[in-house]
Amino acid sequence: MSKKVVVIGAGMVGIVAASFLQRDGHTVAVVDPNGPGEGASFGNAGGLNPSSVVPMSMPGIVRNVPKWLSDPLGPLAIRWTYLPSLLPWLIRFIRAGTPERVESQARALRDLLGPCLDCLEPLVKAADAQDLVHRRGALFVSRSKDAFTNDRAAWDLRRRHGVKWDDLNADEIRQLEPTLSHDYVRGIFVRENGHTSNPHRLVSRLAEAFQRGGGTIIRSRVLDFEFDGAQLRAVRTTDGSIAAEIAVVAAGVHSKPLAAALGDRIPLETERGYHIVLRNPEIMPRIPLADVDAKLVATPMETGLRFAGIVELAGLTAPPNWRRADILLERGRRMLPSLAGSHAEESLSRWMGHRPSTPDSLPVIGPARRSPDVFYAFGHGHVGMAAAPTTGKIIGELVGGKVPSIPIEPFRAGRF
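Presented here is an overview of the structure given in this document. (Residues numbered from 1 in each chain as written. Predicted model: local features only at pLDDT ≥ 70, side-chain atom pairs only at ≥ 80, totals over all residues. Heavy atoms only, no water.)

### Notes on the overall build of the chain
Thinking step 1. For the chain, the count of helices and strands is 13 helices and 21 strands.
Thinking step 2. Scaling as 2.2 N^0.38, a compact globule of 416 residues should have a C-alpha radius of gyration of about 22 Å, and the chain matches this with 21 Å.
Thinking step 3. Across its three principal axes, the chain shows a C-alpha extent of roughly 65 × 45 × 40 Å.
Thinking step 4. For the chain, with 416 residues in total, the buried portion stands at 58%.
Thinking step 5. Long-range pairs, those at least 24 residues apart, make up 75% of the contacts in the chain between residues at least 6 apart in sequence.
Thinking step 6. When the 51 basic and 43 acidic side-chain charges of the chain are each reduced to a single mean position, those positions are 2 Å apart. (Helix = DSSP H or I, 4+ residues; strand = E, 2+ residues; numbered from the N terminus. Rg over C-alpha atoms; globule rule 2.2 N^0.38 Å. Buried < 20%, exposed > 50% of the residue type's maximum accessible area, 1.4 Å probe, protein only. Contact = heavy atoms within 4.5 Å. Lys, Arg positive; Asp, Glu negative; His and termini not counted. Charge placed at Lys NZ, Arg CZ, Asp CG, Glu CD.)

Structure below.
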């Protein structure tokens, strides 16, 4: 039966969920104060990686934190003035890194990410966006023969959950990607991974297809919900109320206060991610590259060569530290020596955005405590692009009263 649905959030997750709901015959409106794909979806590394099953919190990760924080070029930074606010989330994060919990988290992530490219394909085809999605694999490289051995727990975890790869020596790395530094001596090529060459344009194309199908996108901010008992009546915005029988909260890090208004206190934190794009670079790799030591990803994109990977924990309101973006370029030049040298400022673009992250690296998917008419689809952290297709499909199934195609118990809001 067709229902009036309001999806809160016009990022990748929200637009994909709206598209699946529309395909099921529902009347769907997306509400966001910004345009489609202008939040965290805009600036990510573009990965559509079924292999991303390793949670952020792993056994022993605490031992690495002092080293990362003391390194000015390190992959993690914390604004110490924010630490008191951050501490409860950090405690949960550390507790999530037990072997037993990591195993179950990886299993849930594999269920969510494994079918992402196949699940996304019909939406991409309908949006005429096939030029933006590529299935070329991804290459992970290290300057040390022991690096993957030292990170063996993570790779063993991937293997146990169905991820396959090719081990490469130094010569094989260069045959696959000649642009890489000759300092790299060990590589892992994951064939099943994919990427988008323009995350913002991909979300925009999907949104345009959604609108062509009769969907509505409203530029406004959602403030609250209106109920009659447990039955949803409307979504209240800064521009008035929108009648709704179903609501989907997919507003990224801004979902936290909405969930609280619905009786669910979710420990959702912003991981401030940075990227820098080098327009018209001297060379362009063919596939996404990841330096496992530097925690750096280089992705070939329409707009240039994008370097991403820095994490900063500093909350929603602190101004960006653009030195964090410049660090990415410094590391990128080490990865791809042909980029060495200065680049004019006009050839660079920098970005900082807010990844919505839970302590256990699992998103929140499923019904709200307050009402069975409201569903959550947020908290995807580093895997929002890849997790969006299956998340959107699940939301469509839940709204339609169907059994979800994967187990959703690990993603329930009440686990915290």
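### Overview of the sheet that holds strand 11 (residues 222-228)
Thinking step 1. With antiparallel pairing, the three strands of this open sheet are ordered in space as 11-12-13. Edge positions in the open sheet fall to strand 11 and strand 13 (240-243), since each of these has one partner strand only. Strand-to-strand twist across the sheet, computed as the mean angle between neighbouring axes with direction ignored, equals 30°.
Thinking step 2. Examined bridge by bridge, strand 12 (residues 231-237) and strand 13 share four bridges and lie antiparallel to one another. Paired with Arg236 across the two strands is Ser241, which belongs to strand 13. (Pairing = 2+ DSSP bridges. Axes fitted to C-alpha atoms, helices over the stretch in contact; angles between N-to-C directions.)

### Remarks on the state of the cysteines
Thinking step 1. Across all of its chains, the model carries zero disulfides by this definition.
Thinking step 2. Left without a disulfide partner, Cys116 is nearest to the cysteine sulfur of Cys119, which lies 8.5 Å away.
Thinking step 3. Residue Cys119 is classed as buried on the basis of its relative accessible area, which comes to 12%. (Disulfide = S-S within 2.5 Å.)

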